[in-house]
Amino acid sequence: MDEGRAGNRSRVTIVSYVRRTMPDGKSSIIEFRSVDLSPTGVFLSTEDFGVLDLSEEVELMVAAGGEAEATRYYEGRARVVRSARVFSDADTLTESGYGLMFLDADQEFMAAIEKQLAAASPG
C-alpha cells in the first residue's frame, strides 16, 4: 500500500476530524479513526465511500490524546487523494478508507512528524 507515497508512514490510531462544505454552503464535520500517519498525509478508516470524493479539498484536524492533553498533529487543508479497500488472502476486508494529503504542511511540521514517528517506532 505504499505506492506513490512520500515519507515514512507509521500505523497510528488517532482521531481525525474532517470539515467539508456541502452544496448548500453549510459545513459537515465527520469524525474518523486514522489508520496511519506520515509527514505528508493520513489514512482515514471508513467503510462508507460516499462521505468524501476523490480530489475533494477539506479542512482536517488530526489529534491524539484526550481533550485536555490532545496533541494536534495537523490542522489545515487536505486533499482526498485515494480510496482503498484492502483484502486478506482469504478475501476478508481488512481495511478500507481514504488517503488524505496535507496541503498546508511546511518543512518544520514534516520534520517534527518524522522525528515523532521515529521515536514511537519499535527498534
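Residues numbered from 1 in each chain as written. Predicted model: local features only at pLDDT ≥ 70, side-chain atom pairs only at ≥ 80, totals over all residues. Heavy atoms only, no water.

S.K.: Even after reading the chapter, I still don't get unusual backbone geometry, so can you show me in this structure?
M.R.: A negative phi angle characterises most non-glycine residues, just as the trans form characterises most peptide bonds. Despite not being glycine, Ser55 has its phi angle at roughly 75°, a positive value. Within the secondary structure, Ser55 is located in the loop between strand 3 (41–45) and strand 4 (57–64). (Helix = DSSP H or I, 4+ residues; strand = E, 2+ residues; numbered from the N terminus.)

S.K.: Looking at this model, I keep getting lost on the packing of aromatic side chains. Mind explaining?
M.R.: Aromatic ring pairs: the centre-centre distance and the angle between the two ring planes describe each pair. Taken as a whole, this structure holds 2 aromatic pairs when the rule is applied. Ring plane angle 80° and centroid distance 5.4 Å describe the contact between Phe49 and Tyr98, whose orientation is recorded as edge-to-face. Of this pair, Phe49 sits in the loop between strand 3 and strand 4 while Tyr98 sits in strand 6 (residues 93–102); the two residues are 49 residues apart in sequence, bridging distant segments of the chain. Assessed through its relative accessible area of 24%, Phe49 is described here as partly exposed. Judged by relative accessible area, which is 1%, Tyr98 ranks as buried. Ring centres of Tyr74 and Phe102 lie 4.0 Å apart, and the angle between their planes is 25°; this geometry places the pair in the stacked category. Taken together, the residues Tyr74 in strand 5 (residues 71–87) and Phe102 in strand 6 connect sequence positions 28 residues apart. (Phe/Tyr/Trp six-rings, centres within 6.5 Å; stacked < 30°, edge-to-face > 60°. Buried < 20%, exposed > 50% of the residue type's maximum accessible area, 1.4 Å probe, protein only.)

S.K.: In this structure, what is going on with the side chain of Ser34? I would like to understand it.
M.R.: Positionally, Ser34 belongs in strand 2 (residues 27–37). Judged by relative accessible area, Ser34 falls into the buried class, the value being 1%. Among the polar contacts listed, one links the side chain of Ser34 to the side chain of Ser16, at a separation of 2.4 Å. (Polar contact = N/O pair within 3.5 Å; in protein donor to acceptor, adjacent residues only side chain to side chain.)

S.K.: Looking at this structure, I do not really get the pairing of strand 2. What am I missing?
M.R.: Side-chain direction in a regular strand flips from residue to residue, so the side chains alternate between the two faces of the sheet. As judged from the 4 bridges shared by strand 2 and strand 3, these two strands associate in the antiparallel manner. The residue bridging Asp36 from the neighbouring strand is Phe43, located in strand 3. Counted along the chain from strand 2 to the antiparallel partner strand 3, the turn is 3 residues long. (Pairing = 2+ DSSP bridges.)

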